[in-house]
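Next come the chains, spelled out residue by residue.
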Amino acid sequence: MSAGYAERLKEYPNKGKCGLPENYDTSRSLSSKISTLAQLMNQSCYTVVLTGAGISTSAGIPDFRGPNGIWTREQQRLMKVKKKRKRVENNDDQSEQNDNEQQQQQSSSKGSSSNSPSFVTAQPTLTHRALAHLITNNTPHPNHNNKNQYYLHHLITQNIDGLHGKTTSLPRNQLSILHGDIFTEKCPTCHKEYIRNYEISTIGLQPTGRYCTLGGDPPGSCTGALIDTLLDWEDALPEVDWERSQVECAKAELILCLGTSLRIEPAGGLCTLGTGLGYVDAGAAEWDLDCGGYLDGVATNKKKSKKKNGRKRQQLPPKKLGYVIVNLQETPYDDGATLVIRAKVDDVMERLMSKLGYGSDWDGKDDDDDRVDEHEQGQDGKNGDDDDDED
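All chains use their own residue numbering, which begins from 1 and follows the written sequence. The predicted origin of the model limits local features to residues at a pLDDT of at least 70 and limits the giving and counting of side-chain atom pairs to 80 or more, whereas totals for whole chains, interfaces and linings rest on all residues. Excluded from the side-chain calculations are hydrogens and water; all other atoms, namely the structure's heavy atoms, are used.

**Some remarks on the overall build of the protein chain**
Part 1 of the argument: Secondary structure assignment for the protein chain yields eight helices and 16 strands.
Part 2 of the argument: The rule is simple: take the accessible area with a 1.4 Å probe, protein chains only, and divide by the maximum for that residue type; under 20% is buried, over 50% is exposed, in between is partly exposed. The buried share of the protein chain, taken over its 391 residues, is 51%.
Part 3 of the argument: Across the protein chain, contacts joining residues at least 24 apart in sequence account for 70% of those joining residues at least 6 apart.
Part 4 of the argument: Only carbon and sulfur atoms are counted for the fraction: they give 45% of the accessible area of the protein chain, which is about 18,900 Å². By definition, any uninterrupted DSSP run of H or I lasting at least four residues is a helix, any uninterrupted run of E lasting at least two residues is a strand, and each is numbered from the N terminus. Contacts are assigned to residue pairs that have any heavy atoms within 4.5 Å of one another. What sets the accessible areas is the Shrake-Rupley method with a 1.4 Å probe; for residues, cover comes only from the shown protein chains.

Laid out in structure tokens, this is it:
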């Protein structure tokens, strides 16, 4: 599970604050806040979601910085080792010191995944299913003339567990994956993605031993060596997904941050674009909202573009509702948030769906949760052919 993934990562000391206490809003406060969140979503013409490990814990996947998170347990183990080593040094007992060092080596610094379900068997949580439903099912929106409007418009995830992808109705071009996917390998030559029903064993954008068979022009002409998509600590974010994430957050009127500590940068800072901070390149985004916005990089309110560092920049949409954080622990961005909710994400999403007018039958639970071994999809989000591929 995520502990097994963590074991593949290189050693990295700066994992941020871990093990902070979890806090819960009172029942009255939570009800009020969920009502406020529903109002914000009704007001927003364009809403983007940023998800973190906290939305997958109910699927049996441990988080990283919670009280029992992977990095939290790692820090606790290291502290115990240091204390033992200090006692050994004080007692000048060399044999005990050797025993302690041996125990340290045998103890996985990343934890054990033996008690967790595998990534393959883990299933999307209520939150995963709700987000996919809100993105793919049009609902009459009180703030729009266009009846084919949606409550959510784009989803950005820092998770590598592939659970968003298991909600099979979610289009790839509405999902930006910043840190990679345990089930996905890609061709660096033609950018074709191959989504497997088994875990990719490598990490750090390394060759997987398989080759591209469906990419290229004409299709099938590319034979590039496939690589994994899982980032190690110092790997650069995937260019397409990262640029798309910035554009989507820049044009968002509301950003929801669900189950993320917002402590990994630069992903954590995306939420600030919901307040109107930051710029995107002119012409980088093309959108046209019923309530105003931009089309082909031109502001519909006809205000002039600004310049920054000598480059033409596009003005942000006039209406900004900020960002909402749903997380049990404090984050570095709490102070700037429009709303902070301290509750489990599944509980919030279940009640939010009701507030937005969905009945109890909205959650059909994807029956098609078995991944096809050789399902391919390109960077543009369009599914490829389902021809068989050679491993």
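Alright, that's what it looks like, and here's the rest.
**Considerations on the pairing of strand S7 (residues 225–228)**
Part 1 of the argument: Bridge count between strand S4 (residues 184–186) and S7: two bridges; the pairing is antiparallel. Bridge pairing in S7 links Glu185 to Asp228.
Part 2 of the argument: Direction of pairing for strand S6 (residues 207–211) relative to S7: antiparallel, over a ladder of two bridges. Bridging from a neighbouring strand, Pro207 pairs with Ile227 of S7. We treat two strands as partners when DSSP finds at least two bridges between them.

**A closer look at the environment of Gln174**
Part 1 of the argument: You can see Gln174 is positioned in the loop between helix H6 (163–166) and strand S3 (175–177).
Part 2 of the argument: As for Gln174 and Ile156, which are separated by 18 residues in sequence, their C-alpha atoms are 8.3 Å apart.
Part 3 of the argument: Apart from the residues lying within four places of it in its own chain, the contact partners of Gln174 are Ile135, His153, His154 and Leu155.

**Quick look at helix H2 (residues 27–43)**
Part 1 of the argument: In this scheme, a helix's expected span is set at 1.5 Å multiplied by one less than its residue total. Here H2 is 17 residues long and its end C-alpha atoms lie 25 Å apart, about the 24 Å a rise of 1.5 Å per residue gives.
Part 2 of the argument: Those residues of H2 that sit buried are Leu30, Lys33, Ile34, Leu37, Ala38, Leu40 and Met41. On an axial view of H2, the arc spanned by its buried residues comes to 160°, and they lie on one face.
Part 3 of the argument: As for H2, its buried residues are in contact with strand S8 (254–258), strand S14 (322–326), strand S15 (339–341) and helix H8 (345–355). Think of the arc as the fan of directions from the helix axis to the C-beta atoms.

**Here's the deal with H8**
At 3.6 residues per turn, the α-helix brings residues three or four places apart onto the same side.
Part 1 of the argument: If you check which residues of H8 are buried, you get Val345, Asp346, Val348, Met349, Leu352 and Met353. One side of H8 holds all its buried residues, which, seen down the axis, span an arc of 160°.
Part 2 of the argument: Packed against the buried residues of H8 are H2, helix H5 (126–136), S8, S14 and S15.
Part 3 of the argument: Two residues or fewer after H8 comes Gly357, characterised by a positive phi angle close to 100°.

**A closer look at the pattern of salt bridges**
Part 1 of the argument: Within this document, salt bridges are pairs made up of a side-chain nitrogen of Lys or Arg and a carboxyl oxygen of Asp or Glu, the two lying within 4 Å of each other. Inspection of every chain in the model, using the stated rule, returns ten salt bridges.
Part 2 of the argument: Across the pair Asp363 and Arg129 runs a salt bridge, and its minimum N-O distance is 2.8 Å. Remark: Arg129 occurs in helix H5 and Asp363 occurs in the loop between H8 and strand S16 (375–378); sequence separation between them is 234 residues.
Part 3 of the argument: A salt bridge links Glu193 to Arg172; the shortest N-O distance between them is 3.0 Å. Of the two residues, Glu193 is situated in strand S5 (residues 192–195) and Arg172 in the loop between H6 and S3; the sequence distance between them amounts to 21 residues.

Purely geometric stuff here, so don't read any function into it on its own.
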